[in-house]
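Each chain, written out:
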Amino acid sequence: MPVDAAGALAAAPRVREIAWDHKDVQLYHLGIGAGRPATDPRELRYTLESRLHVLPSFATVAGGGAPGVIGTLSAPGVDVDLARVLHGGQRLRLHRPVPVRGRASAASRVVAVYDKGTAAVLVLRTEVTDADGPLWTDEAEVFVRGEGGWGGERGPSGRPSPPPADPPDQIVDRAVREDQALLYRLSGDWNPLHADPEFAARAGFERPVLHGLCTYGATLKAVVDTLLDGDVTRVRDYRTRFAGVVYPGETLRVRMWRTAGTGGAGAGGARTGEARVAVNAVERDDAPVLADTVVRYG
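Values in this document were obtained by computation on a predicted structure and should not be read as measured data.

So, the pairing of strand β5 (residues 133-145)
- When strand β2 (residues 85-94) meets β5, the two strands line up antiparallel, connected through 9 bridges. Within β5, the residue paired with Q90 across the bridge is A140.
- Two elements, strand β4 (residues 119-130) and β5, share 12 bridges in a ladder whose sense is antiparallel. Residue A119 lies in a different strand from β5, and its bridge partner there is R145.

Examining the environment of L228
- Mapping L228 onto the fold places it in the loop between α7 (212-227) and β7 (235-242).
- Each C-alpha atom, one on L228 and one on G298, is 9.6 Å from the other, the two residues being 70 residues apart in sequence.
- When neighbours within four sequence positions are excluded, L228 is seen to be in contact with V223, R234, V235 and Y297.

Focus: the pattern of salt bridges
- The tally for this structure, following the rule as stated, stands at 17 salt bridges.
- For D21, the salt bridge identified is with K23, shortest N-O distance 2.8 Å.
- Residues participating in the shared-partner salt-bridge network are E43, R45, K221 and D225.

Quick word on the environment of D169
- Tracing the backbone shows D169 in the loop between β5 and β6 (170-175).
- Owing to a relative accessible area of 39%, D169 belongs among the partly exposed residues under this scheme.
- When the C-alpha atoms of D169 and V245 are compared, they prove to be 25 Å apart, with 76 residues separating the residues in sequence.
- Only 2.7 Å separates the side chain of D169 from the backbone nitrogen of R258, close enough to count as a polar contact.

Regarding the side chain of D130
- Checked against the element boundaries, D130 lands in strand β4.
- Overall, the relative accessible area of 18% leaves D130 in the buried class.
- Polar contacts involving the side chain of D130 include one to the main-chain amide nitrogen of D132, which spans 2.9 Å.
- The contact partners of D130, leaving out residues within four places of it in the chain, are R96, R103, A104 and L135.

Calculation rules
Residues numbered from 1 in each chain as written. Predicted model: local features only at pLDDT ≥ 70, side-chain atom pairs only at ≥ 80, totals over all residues. Heavy atoms only, no water. Pairing = 2+ DSSP bridges. Helix = DSSP H or I, 4+ residues; strand = E, 2+ residues; numbered from the N terminus. Contact = heavy atoms within 4.5 Å. Salt bridge = Lys/Arg side-chain N within 4 Å of Asp/Glu carboxyl O. Buried < 20%, exposed > 50% of the residue type's maximum accessible area, 1.4 Å probe, protein only. Polar contact = N/O pair within 3.5 Å; in protein donor to acceptor, adjacent residues only side chain to side chain.

Listed below in structure tokens is the structure:
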């Protein structure tokens, strides 16, 4: 069996050294759609080195790209065809704000393997630490079609929960450029699914699709800019499930609900809380793109 659950879970963490600076941060921000309008002071926080703020989701590409899907497929006990792989979900926990430049150690290992019958789901956790201690913890959930059926643990339900029934507190539309995937992949995710039409067709798509983590980053930016007044340091935890694809050139509709905890106060008196988020593709009858999306902030 190409997925050896016991072997993957027993393997020691793989450790690599990563480094980044302001150019990597700026490229990432441009790759998720920042800089429009180019002279807007709120956008210059993401694009101008003299006033740069780091969107926390940059952690998913810091050092040339977190292991994510590609890293999971090179883990011990895993040998599968990339064309049968989908990014199922992502979670990021921030221990401290991500600095504009840094050098750190990233330790990655498979922490769960689930048998869904017709597919396998692997969870790859990456712990990133610098000289001052833990920086962030990143988890990628990878769905491998055709690799289930060995009688293993099924794991959590893969069925997305519906968004809140109440009207959203905020709705933001974000246009995705035709070349967005080509720009985003320069931050380190070279999966040909996002650039090569022939590979995309082999994977079952009509054309190359946008990286799920690009949508992930663009969504967090919308939440930070809309609900957190642009303060990237307030994000504590951000998770999502990838419910559908985005094609470059489409429009993302980001719906946000403020939920539990918004009345409390964190360090410095800042309100603490949680936002539920749903993201849909406008041009395809509001097809779901991100589900079970939660941003916790301090």
